[in-house]
Amino acid sequence: AELTEAVIKQALSEAYQKYRTLDEGKNADYIPALAKVDSDIYGIVLVTTDGKVYTQGDIKSEVSIQSISKVFTMALVMDQDGTQELVENMGVDATGQVFNSIVAIEQYQGAEMNPLVNAGAITTTSLVDGKDYEEIWGKIAREYDEFAGRELTVLEDVYKSEAATNQRNRAIASLMHAYGHIDDNFLRATDIYTRQCSVGVNARDLGIMAATLANAGKNPVTDQQVTSAKNVPEILAVMATAGLYDDAGKWLYKTGLPAKSGVGGGIIAVSPGKFGIAVISPPLDAAGNSVRAQKAIADISNALGGNPYDVSH
Ligand SMILES: NC(=O)CC[C@H](N)C(=O)O
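These figures come from a predicted structure and were not determined experimentally.

J.: Any details on the domain arrangement of the chain? Residues and values, ideally.
T.: It is common to give the size of an interface as the accessible area lost on bringing the parts into contact. The assigned domain composition of the chain is domain 1 (5–64 + 202–303) and domain 2 (67–197). One C-alpha centre belongs to domain 1, the other to domain 2, and the line joining them spans 21 Å. In this assembly, 35 residues from domain 1 lie in contact with 30 residues from domain 2. Elements that contribute at least two residues to the side of domain 1 that touches domain 2 include exactly α2 (32–35), α11 (203–214), α12 (232–242), β5 (259–261) and β6 (266–271). The element best represented in the side of domain 1 that touches domain 2 is α12, accounting for six residues. Taken together, the residues that form the side of domain 1 that touches domain 2 break down as 16 nonpolar, 14 polar and five charged.

J.: Tell me about the site of the ligand, residues and numbers included.
T.: Surrounding the ligand, one finds Gln66, Ser67, Phe99, Asn100, Asn118, Glu162, Asn169, Cys197, Gly262, Val263 and Gly288. Split by residue class, the shell around the ligand holds three nonpolar, seven polar and one charged. Composition of the shell around the ligand by domain shows at least three residues from each of domain 1 (5–64 + 202–303) and domain 2 (67–197).

J.: Which residues make up the nonpolar core, and what are the values?
T.: As a rule of thumb, nonpolar side chains are buried together in soluble globular proteins. Grouped together as the largest cluster of nonpolar side chains are 97 residues, with contacts concentrated most on Leu206 and Ala210. Here this core takes eight residues from α11, the largest share from any one element. Viewed by domain, this core spans two of them, domain 1 (5–64 + 202–303) and domain 2 (67–197), each represented by three or more residues. Every residue in contact with Leu206, bar those within four places of it in the chain, is listed here: Val45, Ile68, Val201, Gly266, Ile268, Ala278 and Ile280.

J.: Tell me about helix α7 (residues 133–148), and name the residues and values.
T.: Between its first and last C-alpha, α7 extends 23 Å over 16 residues, near the 22 Å set by a 1.5 Å rise per residue. Among the residues of α7, those classed as buried are Ile136, Ile140, Glu143, Tyr144, Glu146, Phe147 and Ala148. Tucked into the core, α7 has its buried residues touching α3 (69–81), α10 (186–197), β4 (200–201) and α11. Within two residues after α7, Gly149 carries a phi angle of roughly 80°, on the positive side.

J.: Can you lay out the pairing of β6 for me, pointing to particular residues and giving the numbers?
T.: Here β6 lies mainly inside the structure; six of its six residues are buried. What you see with β6 is no split at all: Gly266, Ile268 and Val270 on one side and Ile267, Ala269 and Ser271 on the other are buried throughout. Taken together, the three bridges between β5 and β6 define a ladder with antiparallel strand orientation. By the bridge assignment for β6, Ala259 is matched with Ala269. Alignment of β6 against strand β7 (residues 275–280), held across six bridges, turns out to be antiparallel. Looking across to β7, one finds that Ser271 is bridged to Phe275. Counting the residues between successive antiparallel strands, the hairpin from β6 to β7 contains three residues, one of them, Gly273, with a positive phi of roughly 80°.

Conventions adopted
- Residues numbered from 1 in each chain as written.
- Predicted model: local features only at pLDDT ≥ 70, side-chain atom pairs only at ≥ 80, totals over all residues.
- Domains from an automatic or database assignment.
- Contact = placed C-beta atoms within 7 Å.
- Helix = DSSP H or I, 4+ residues; strand = E, 2+ residues; numbered from the N terminus.
- Nonpolar A, V, L, I, M, F, W, Y, C, P; charged D, E, K, R; others polar.
- Near = placed C-beta within 6 Å.
- Core = buried A, V, L, I, M, F, W, Y, C linked by C-beta atoms within 7 Å.
- Buried ≥ 20, exposed ≤ 12 C-beta atoms within 10 Å, placed from the backbone.
- Expected span 1.5 Å × (residues − 1).
- Pairing = 2+ DSSP bridges.

Printed below as a string of structure tokens:
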């Protein structure tokens, strides 16, 4: 199908209606504040690489970005240090394990994994240069703002709730320190990581962030080059192999799209050169991926010929 306005609107509206009453999955509850988020929030946003924004449902409610943030800190570190740094530190391979796996760290002493699982992500955050917490946080926050095209804020209740209950992530950071991947500031890195996960985003923000990746690192709404174009194929490769954790294979099989989920209920997906798409819906499946978001994105992308491996249309 050609990507006309009518075709896009139709695909969004069909997927929105089809899954509105779906009653599967449940909110993440290992971070207490997430259990309290309204499970009925449901919004879909598709942004084309020429900057047109299409929306359905709730595009105002903010949820915490959670693991989707990992993609944008990865981009920041690639711009700072070049693209080899991460490969040499924690690697760019799927773990086949849950996102906060300790087994995956033990297996190769913190190597042979990737920046999109907790161990690799906290390590990536630890690599952002800066003289103190404030300077490092400022760089991360600015990067996210530029991807979204507006100033985002931290959801302080989510931050406090996770900071009080993130013993497991502190253990992960400590192990990554023990294996020489993170320096002595591993607890500060964990705290900054927790803060980055608590940034509030609505479906529109996530759609624009995804479209910036679809558009070679240039935000198609603000026209700002946010990250170097040469980083993007490498970021998308890691999203394809590990963006939906241990279900990344199933997802890629169905859609062909590099994507990233977060336990706040958001998923972004990228059809390179065509569009970015995002859905927010908090109830998750057992792997920690939004149930409605996976279904809606798969339907919409397949209706629009978004799968880069499918050249039959
Ligand atoms: N998968 C996720 O979204 C996890 C992010 C969450 N902040 C954690 O570290 O556990």
